[in-house]
Amino acid sequence: MIDIDALQAGQPRALAKAITLVESKKLDHRTEAQALLEKVLPKTGNSIRIGITGIPGVGKSTFIEAFGLYLVSQGKKVAVLAVDPSSPIAGGSILGDKTRMEMLSRSPDAFIRPSPSEGSLGGVALKTRETMLLCEAAGYDVILVETVGVGQSEYEVASMVDFFMVLMLPNAGDELQGIKKGIMELADALVINKADGESLNYAQQTRRHYQNALHLLRHTSFWTPQVLTCSALKNENIEAVWGMISDFQIDATKNGALQEKRARQAKEWMNKLLHEMLEMKLQENPEVRKQMPLLSDKVTRGETTPYLAAQTIIDLLFRG
Ligand code: GDP
């Protein structure tokens, strides 16, 4: 049993236990986890949720360490989560690994949790969303969700956070950066890291390049995407990144956009889950499994219409 009082008092051990419950695949754990989440729901939503992406080597962990330590110095409690469906065994980097953020992980005001390692991207993302809620219930003010900028995981992260940030290298041109146009369109900010030493000039050039291409980015009624430079290694301009996000948070809260965005995300999440659950019910139903290939053959042979075949499957599923 999870000690909800201890969780809401922010005890890291209670939080870690609750996350383990949420991540469990066992059916009775799932039921218990959902009951817990529903109970803590009124205590959630009080953080700013920030997504951070960027190709391997751009400096994500260095940035999160510097940014997290800065936030802690400002009296914030910071949780670092990750969505990384590439398992470490398959050679992927281990996001949220504490050794990548050594100083931050030692801070009593920081909580770092690696990505759930098993399952589909959708499954991993679901667990990270739920973990985010637990962290909020435990009183964390800033939730950082990290993901690698390859594959589909950035879309998942962008759809669970308030503010989505792409870290970039100081050499102009997205082709060089390996960043897809679709990702740029999700960004609320581009942050060019490694703006130090010999790269400083490049970083500034790159900043101008992206500022001139801002029309490619998504604008909302109150927010124009920003382009900043920083050096995570030298700890430079880190506070400017927070200043920007903090402005966003204040504006988006005042004009209701934040609440609206979260409500939309929650509804989309519900719909996605509904489809996944239906899909699972289809796969689990023995009669459907038996009839599906037969019906599919009939459709390909032109013996029945796709509509009637689909209707038959639905009837089988809901027969009781
Ligand atoms: P990740 O793979 O995106 O997490 O990148 P890391 O944080 O591991 O950083 C990759 C490399 O870039 C490391 O050698 C870092 O020390 C270096 N690095 C990170 N941030 C900066 C920076 O602001 N300036 C410089 N010069 N190097 C940096």
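Residues numbered from 1 in each chain as written. Predicted model: local features only at pLDDT ≥ 70, side-chain atom pairs only at ≥ 80, totals over all residues. Heavy atoms only, no water.

- By the naming in an unreviewed UniProt entry, the protein chain is Methylmalonyl Co-A mutase-associated GTPase MeaB, taken from Spongiibacter nanhainus.

## Regarding the packing of aromatic side chains
Phase 1: All chains considered together, the criterion is met by 6 aromatic pairs.
Phase 2: Where Phe 111 meets Tyr 140, the ring centres are 6.1 Å apart and the plane angle is 50 degrees; that geometry is what we call tilted. Of this pair, Phe 111 sits in strand β3 (residues 110–112) while Tyr 140 sits in the loop between α6 (121–137) and β4 (142–148), and the two are 29 residues apart along the sequence. Residues Phe 111 and Tyr 140 agree in their burial class; the two are buried.
Phase 3: Every member of this aromatic cluster is reached through a ring pair, and the members are Phe 63, Phe 67 and Trp 242.
Phase 4: Over the face of the ring belonging to Tyr 140 we find Lys 77, whose NZ or CZ atom lies 4.4 Å from the ring centre.
Phase 5: The ring of Trp 269 carries the charged tip of Arg 129 above its face, separated from the ring centre by 4.8 Å. (Phe/Tyr/Trp six-rings, centres within 6.5 Å; stacked < 30°, edge-to-face > 60°. Helix = DSSP H or I, 4+ residues; strand = E, 2+ residues; numbered from the N terminus. Buried < 20%, exposed > 50% of the residue type's maximum accessible area, 1.4 Å probe, protein only. Lys NZ or Arg CZ within 6 Å of the ring centre and 35° of its normal.)

## Section: helix α4 (residues 60–73)
Phase 1: When the terminal C-alpha atoms of α4 are compared, their 20 Å separation across 14 residues agrees well with the 20 Å that a helix rising 1.5 Å per residue should span.
Phase 2: Across the 14 residues that make up α4, a large majority, 10, are buried.
Phase 3: Within α4 the residues assigned to the buried category are Lys 60, Ser 61, Phe 63, Ile 64, Glu 65, Ala 66, Phe 67, Gly 68, Leu 71 and Val 72.
Phase 4: Packed against the buried residues of α4 are β1 (48–54), β2 (78–82), α5 (102–106), β4, β5 (163–168) and α11 (238–254). (Expected span 1.5 Å × (residues − 1). Contact = heavy atoms within 4.5 Å.)

## Some points on the layout of surface pockets
Phase 1: Within this model, the largest pocket holds a volume of roughly 1,600 Å³.
Phase 2: At the level of elements, α3 (27–40), α6, α11 and α12 (257–284) are the ones that each hand at least two residues to the lining of the largest pocket.
Phase 3: Here the lining of the largest pocket takes 16 residues from α12, the largest share from any one element.
Phase 4: Looking at the lining of the largest pocket residue by residue, the class counts come to 18 nonpolar, 16 polar and 14 charged.
Phase 5: Split by domain, the residues of the lining of the largest pocket number at least three in each of domain 1 (43–254) and domain 2 (269–317).
Phase 6: In this model, the second largest pocket occupies a volume close to 200 Å³.
Phase 7: Taken together, 12 residues make up the lining of the second largest pocket; nearest its centre are Thr 220, Phe 222, Ala 257, Lys 261 and Arg 264.
Phase 8: Considering every element that reaches the lining of the second largest pocket, the biggest residue donor is α12, with 5 residues.
Phase 9: Counted by class, the lining of the second largest pocket contains 5 nonpolar, 2 polar and 5 charged residues. (1 Å grid on protein atoms, 1.4 Å probe; cavity = no way out; pocket = protein on both sides within 12 Å on 5 of 7 lines; lining within 4 Å. Points joined across faces, edges and corners; volume = space filled by probe spheres on them. Nonpolar A, V, L, I, M, F, W, Y, C, P; charged D, E, K, R; others polar. Domains from an automatic or database assignment.)

## Re the pairing of β5
Phase 1: Across the 6 residues of β5, 6 count as buried, placing the element largely inside the fold.
Phase 2: Burial along β5 is two-sided: Phe 163, Met 165 and Leu 167 and Phe 164, Val 166 and Met 168, pointing in opposite directions, are all buried.
Phase 3: Judged from the 4 bridges that link them, β1 and β5 form a sheet pairing that is parallel. Counted as the bridge partner of Thr 53 is Val 166 from β5. (Pairing = 2+ DSSP bridges.)

## What about the confidence of the model for the protein chain?
Phase 1: Per-residue confidence for the protein chain gives a mean pLDDT of 89; residues scoring 70 or more make up 90%.
Phase 2: Of the regions scoring below 50 in pLDDT, residues 88–93 engages in 5 contacts with residues more than four places distant in sequence or in other chains. (pLDDT = per-residue confidence, 0-100.)

## Brief notes about the pattern of salt bridges
Once their charged atoms are close, side chains differing in charge can pair, the charge on each being opposite to the other.
Phase 1: For the structure on display, the rule yields 8 salt bridges.
Phase 2: The residue Arg 113 makes a salt bridge to Glu 23 at a minimum N-O spacing of 3.2 Å. Residue Arg 113 is found in the loop between β3 and α6, and its partner Glu 23 is found in helix α2 (residues 12–23); the two are separated by 90 residues along the sequence.
Phase 3: Given a relative accessible area of 16%, Arg 113 falls into the buried group. (Salt bridge = Lys/Arg side-chain N within 4 Å of Asp/Glu carboxyl O.)

## Concerning the sheet that holds β2
Phase 1: Reading across from one edge, β3-β2-β4-β1-β5-β6-β7 is the order of the 7 strands in this open sheet, with parallel pairing throughout. What marks the edges here is a single partner per strand, and that holds for β3 and β7 (226–229). Across the sheet, the axes of successive neighbouring strands diverge by a mean angle of 20 degrees, strand direction being ignored. (Axes fitted to C-alpha atoms, helices over the stretch in contact; angles between N-to-C directions.)

## So, the site of the ligand
Phase 1: Near the ligand, the surroundings consist of 15 residues, among which Gly 57, Lys 60, Thr 62, Arg 100 and Asp 196 are the closest.
Phase 2: One of the backbone N or O atoms of Lys 60 is found 2.8 Å from an oxygen atom in the ligand.
Phase 3: Asp 196 is positioned with one of its side-chain polar atoms (N or O) 2.6 Å from a nitrogen atom of the ligand.
Phase 4: Compared with its free state, where it exposes 580 Å², the ligand has 69% of that area covered by protein.
Phase 5: Looking at the shell around the ligand, its residues break down into 5 nonpolar, 6 polar and 4 charged. (Near = heavy atom within 4 Å. Polar contact = N/O pair within 3.5 Å; in protein donor to acceptor, adjacent residues only side chain to side chain. Areas by Shrake-Rupley, 256 points an atom, 1.4 Å probe, with all protein chains shown as cover.)

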